[in-house]
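Listed below, chain by chain, are the residues.
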Amino acid sequence: MNTTIPLANQFLIAMPGLGDPNFFRTVTLVCEHSAEGAMGIIINRPVDLTLGDVFRQLDIESPEGLTTGRVVYLGGPIQNNRGFVLHEPLGAFESTLAVSETLGVSTSRDILTAIAHDSGPEHFLLALGYAGWGPGQLEKEMADNAWLSVPASSEILFNTPVEARWSAAAHLLGVDMAQLCGDAGHA
């Protein structure tokens, strides 16, 4: 019997030996997971763009302020020209996937407009692109010890400095990533 353990609303923490450079030392929030595959957003890969840059590219008027200076993230290697907003609370935006009872991911312009006008969700993170896995692919990678998983934490997602998210997520499991090595030893 092949049972899929749902990983939605979990962090995937890349193990040091994970060879794919797209995921080296990443923390990925799994937004959706089923027998058909999985979709997630990397939360600790900032890019050289700010929210203000995105507003200008989309012709969304916004007063200059703290929000416009916020960093944008590379959410994954798939569709990295498309924006995904992780946010809390869920709200009532046009295109939102509920990750949990309070956390969602939205892809519609209305959430960006709301953020630009300071009427958006209290907590948010904008990422370009997403990570995706086909049927059984993530389960195989988990079995191969490429990832650790732990229930997602809003504190890490929205308040922990980006450079500390990988180790902070691992600490939720009691794991010190500095003590792990990506290479196997030889006697």
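Residues numbered from 1 in each chain as written. Predicted model: local features only at pLDDT ≥ 70, side-chain atom pairs only at ≥ 80, totals over all residues. Heavy atoms only, no water.

(A) A look at the layout of surface pockets. Roughly 240 Å³ of volume is contained in the largest pocket. Lining the largest pocket are 17 residues, with V54, L58, N81, G83 and L112 sitting closest to its centre. Looking at the lining of the largest pocket, the elements that each hand over two or more residues are α1 (51-57), β6 (78-88), α2 (109-116) and β9 (123-133). Among the elements that make up the lining of the largest pocket, the one with the highest residue count is β6 (five residues). (1 Å grid on protein atoms, 1.4 Å probe; cavity = no way out; pocket = protein on both sides within 12 Å on 5 of 7 lines; lining within 4 Å. Points joined across faces, edges and corners; volume = space filled by probe spheres on them. Helix = DSSP H or I, 4+ residues; strand = E, 2+ residues; numbered from the N terminus.)

(B) Quick look at the nonpolar core. Core analysis: the largest hydrophobic core is formed by 38 residues, its most contacted members being F11, I43, L86, W147 and L157. Mapped by element, the contributors of at least two residues to this core are β1 (10-14), β2 (27-34), β3 (37-42), β6, β9, β10 (147-151), α4 (154-159) and α5 (165-171). Element by element, the count of residues in this core is highest for β9, at five residues. (Core = buried A, V, L, I, M, F, W, Y, C linked by side-chain atoms within 4.5 Å. Buried < 20%, exposed > 50% of the residue type's maximum accessible area, 1.4 Å probe, protein only.)

(C) Main features of the pattern of salt bridges. Evaluated as defined, the whole model comprises two salt bridges. Two residues, D53 and R56, come together in a salt bridge whose shortest N-O distance is 2.7 Å. Linking D53 with R56, this pair stays in helix α1, spanning three residues, or about one helical turn. Between D144 and K140 there is a salt bridge, with its nearest N and O atoms 2.8 Å apart. Look at D144 and you get partly exposed, because its relative accessible area is 49%. (Salt bridge = Lys/Arg side-chain N within 4 Å of Asp/Glu carboxyl O.)

(D) Region of the structure containing the packing of aromatic side chains. This structure, assessed with the given rule, holds four aromatic pairs. A centroid spacing of 5.5 Å and a plane angle of 75° characterise the contact between F23 and W147, whose relative ring orientation is edge-to-face. Of this pair, F23 sits in the loop between β1 and β2 while W147 sits in strand β10, and the two are 124 residues apart along the sequence. We note that F23, like W147, is buried. If you follow R70 out to its NZ or CZ, it ends over the ring of F124, 3.9 Å from the centre. (Phe/Tyr/Trp six-rings, centres within 6.5 Å; stacked < 30°, edge-to-face > 60°. Lys NZ or Arg CZ within 6 Å of the ring centre and 35° of its normal.)

(E) Quick peek at the environment of D144. Structurally, the position occupied by D144 is in the loop between α3 (137-143) and β10. Within the structure, the side chain of D144 is placed 2.8 Å from the side chain of K140, a separation counted as a polar contact. (Polar contact = N/O pair within 3.5 Å; in protein donor to acceptor, adjacent residues only side chain to side chain.)

(F) Seen up close, the side chain of R165. Mapped onto the elements, R165 comes out in helix α5. It is E163 that comes nearest to the buried, bridge-free R165 among opposite-charge side chains, at 7.7 Å. A polar contact is formed between the side chain of R165 and the backbone oxygen of I43, at a distance of 2.5 Å. Looking at R165, its side chain comes within polar contact range of the main-chain oxygen of I156, at 3.3 Å. If we skip the residues at most four places from it in the chain, R165 touches V27, I43, N44, Y73, L125, I156, L157 and T160. (Lys, Arg positive; Asp, Glu negative; His and termini not counted. Contact = heavy atoms within 4.5 Å.)

(G) Expanded view of unusual backbone geometry. Omega for the bond connecting E88 with P89 falls within 30 degrees of zero, at 0°, which places this linkage in the cis form. Unlike most non-glycine residues, N9 shows phi in positive territory, near 65°. Following the sequence through the fold, N9 ends up in the segment before β1. Of the residues examined, N9 reaches a relative accessible area of 23% and is grouped as partly exposed. A positive phi angle, near 60°, is found at N145, a position not held by glycine. Here N145 lies in the loop between α3 and β10.

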